[in-house]
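Secondary and tertiary structure notes
Below are the chains, spelled out letter by letter.
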Amino acid sequence: MRTHRWFRRDRVTVAAMLMAVALMTQACGTPDAGTQDLSTDAAEQTDGAAIPVRMWIAFTDYRLDWAREKAAEFNQLYPDYEVIIDGYPDYETLFDSALLASEQGNPPAIMHFFEAATQEIRDAVNPAGDPLVKSVAGAIAGRQDINGVPVILEDVVSAPRNYYTVDGEFQSMPWNTSSTVLFSNADMLDAAGIEAPPATWADVEAACAQILALPDAPSNCITWPNHSWIVEQAMAQQNELLANEDNGRSGRADQVFLDSPGMTSFMTWWKALNDQNYYVYTGSQRDWDGTRNAFIAKQVAFLLTSSSDTTDITDSGQAAGFDVVASFMPYNQDVGRSGNVIGGATLWLVDGLDQATEDGALMFMNWFNNPENAAEWHKITGYIPITNGAIALLEEEGWYEQNPNSKVASDQLAESETTPATLGVLAGNFVAIRDVVTSTAEQLLVTPEQSVDEALDAANQEANRLLDDYNALQAE
């Protein structure tokens, strides 16, 4: 019998989560809006009123505002439906709340969830033991439009298409998709006589030596968030697997490789940069804001981070008085570059909806990602335009000529080879395994005498224990 980690939680936690869901529903002022009776046709429920389609996303900032503006626009265009979007502070809270809502019989129609937990959401079940989500391609069933809304699934660009194609079928609708890119302070590069941003790890070291030799050198040269996703990018670049069964793509992964040669090379290089004072650790794990702020404050010359912040970082650099240049993530010159893996999240269709509600959810997913909306989403954030149609529209508008930094992430993903390593790993408990990687990196950064081999050996044992525990539950 399949199960999920939520069903093992203690009663106090469950009660607290139920209260949180209830409070959020009250706060929205629409206590029954968007709830789905999984056994009753939506048209009968609403007695001729607009059919509610509730979508939960893991944003509470301007991105939630933008999504709600789009929902309002959709509702005017298609008055038979009312799309209602609720925001959550993070993916974990959203997922736990969705599982509890499923337990209560009122899950959202669409769930926003990050790529690292793809295996977990595909394993999640509702109280009846059936899958919590279903394949969007299966639900679309070959239709070219859903009630007049063109289906855009076939136009999704290759990297997210490949990532979310599992068991031969497109599982979800990609939305916010990113890659890891290098941002450089162009003024510092000019002052140091560096003609182009560093392309390799060796180039980074050489550039840092030149920049830190400047009379008015910054205190450090480069930074990036201590987050496992950066490490996963380095593994993909080196064409190294993080798990067996072709990174979980040809079968369920039951072994992870945190002590592989590629992992050892990257962690050794990262630690050496830190020990030489080239790299600066902010002291906090997953510190996206702190590393971004260090770059904008000219405390470092380079920032390696998510392309999702391209628009903000480019504009903020100009406001701070310097030009920002984006480029591909530097790679290990000793093994070459195979490519990079995506980041971000996707939209999942909940299983068990009545046909009218399911069609409404599919209509919104496809309209939400049509070329105009996908291009607009890219412009205000930096997430890659998710379809070829959106890219063509941006090129026609001259967007990339005016904003060359915005094209780097798309180009990096498009130039990647398609291998199990660059597709990205699918493994159970991978969110927890990510925490092991991040903690291990911190240990190496703050403890100069720590051996890389010993730290990775311990991490590998812990990660495989987490995976074994997860797989044992799936086998019950």
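Quantities reported herein were computed from a predicted structural model and do not represent experimental measurements.

**A few points about the packing of helix α10 (residues 228-237) against helix α21 (residues 430-446)**
For the pair α10 and α21, the least separation of the axes is 8 Å and the interaxial angle reads 90°. Taken together, α10 and α21 sit at an angle that is classed as roughly perpendicular. The residues of α21 that touch α10, namely those facing Ser228, Trp229, Val231 and Glu232, are Phe430, Arg434, Val437 and Thr438. For the contact of α10 with α21, the residue count by class is 4 nonpolar, 2 polar and 2 charged.

**Considerations on the side chain of Asn471**
The residue Asn471 is located in helix α22 (residues 452-475) in this model. Here the side chain of Asn471 touches Ala253 through a polar contact of 3.0 Å, landing on its backbone oxygen. Here Asn471 is in contact with Arg252, Ala253 and Asp254, once residues within four sequence places are set aside.

**Structural notes on the packing of aromatic side chains**
Working definition: an aromatic ring pair is given by the centre-to-centre distance plus the angle between the planes. Following the criterion strictly, the structure yields 29 aromatic pairs and no others. Measuring from ring centre to ring centre gives 4.5 Å for Trp175 and Trp377, while their planes differ by 20°; the resulting arrangement is stacked. Taken as a pair, Trp175 in strand β9 (residues 173-178) and Trp377 in helix α16 (residues 371-380) lie far apart in primary sequence, 202 residues in all. The pair formed by Trp175 and Trp377 is uniform in burial state, with each residue classed as buried. Between Trp201 and Trp269, the ring centres sit 4.8 Å apart and the planes meet at 10°, which makes this aromatic pair stacked. Taken together, the residues span a long stretch of sequence, with Trp201 in helix α9 (residues 201-211) and Trp269 in helix α12 (residues 261-275) at a distance of 68 residues. Among the aromatic residues, those joined into a cluster by ring pairs are Phe59, Trp66, Phe74, Tyr78, Trp175, Phe364, Trp367, Phe368, Trp377 and Tyr383. Of note, Arg249 hangs over the ring of Tyr163, and the distance from its end group to the ring centre comes to 4.8 Å. Over the face of the ring belonging to Tyr400 we find Lys407, whose NZ or CZ atom lies 5.7 Å from the ring centre.

**Comments concerning the pairing of strand β10 (residues 180-185)**
In terms of burial, β10 is largely enclosed, as 6 of its 6 residues are buried. By the alternation rule, side chains of β10 split into Thr180, Leu182 and Ser184 and Val181, Phe183 and Asn185, which are all buried. Across 5 bridges, β10 lies against strand β13 (residues 324-328) in antiparallel orientation. Residue Ser184 lies in a different strand from β13, and its bridge partner there is Val325.

**Re the sheet that holds strand β12 (residues 302-306)**
One open sheet accounts for 4 strands, arranged β11-β12-β10-β13; its pairing is mixed. Both outer strands of the open sheet, β11 (222-223) and β13, are each paired with one neighbouring strand and no more. Note that β10 and β12 share 5 bridges and pair antiparallel. Of the residues in β12, the one forming a bridge with Leu182 is Leu304.

Rules and cut-offs
Residues numbered from 1 in each chain as written. Predicted model: local features only at pLDDT ≥ 70, side-chain atom pairs only at ≥ 80, totals over all residues. Heavy atoms only, no water. Axes fitted to C-alpha atoms, helices over the stretch in contact; angles between N-to-C directions. Helix = DSSP H or I, 4+ residues; strand = E, 2+ residues; numbered from the N terminus. Parallel < 35°, antiparallel > 145°, perpendicular 65-115°, else oblique. Contact = heavy atoms within 4.5 Å. Nonpolar A, V, L, I, M, F, W, Y, C, P; charged D, E, K, R; others polar. Polar contact = N/O pair within 3.5 Å; in protein donor to acceptor, adjacent residues only side chain to side chain. Phe/Tyr/Trp six-rings, centres within 6.5 Å; stacked < 30°, edge-to-face > 60°. Buried < 20%, exposed > 50% of the residue type's maximum accessible area, 1.4 Å probe, protein only. Lys NZ or Arg CZ within 6 Å of the ring centre and 35° of its normal. Pairing = 2+ DSSP bridges.

Worth remembering: the numbers are spatial, not functional.
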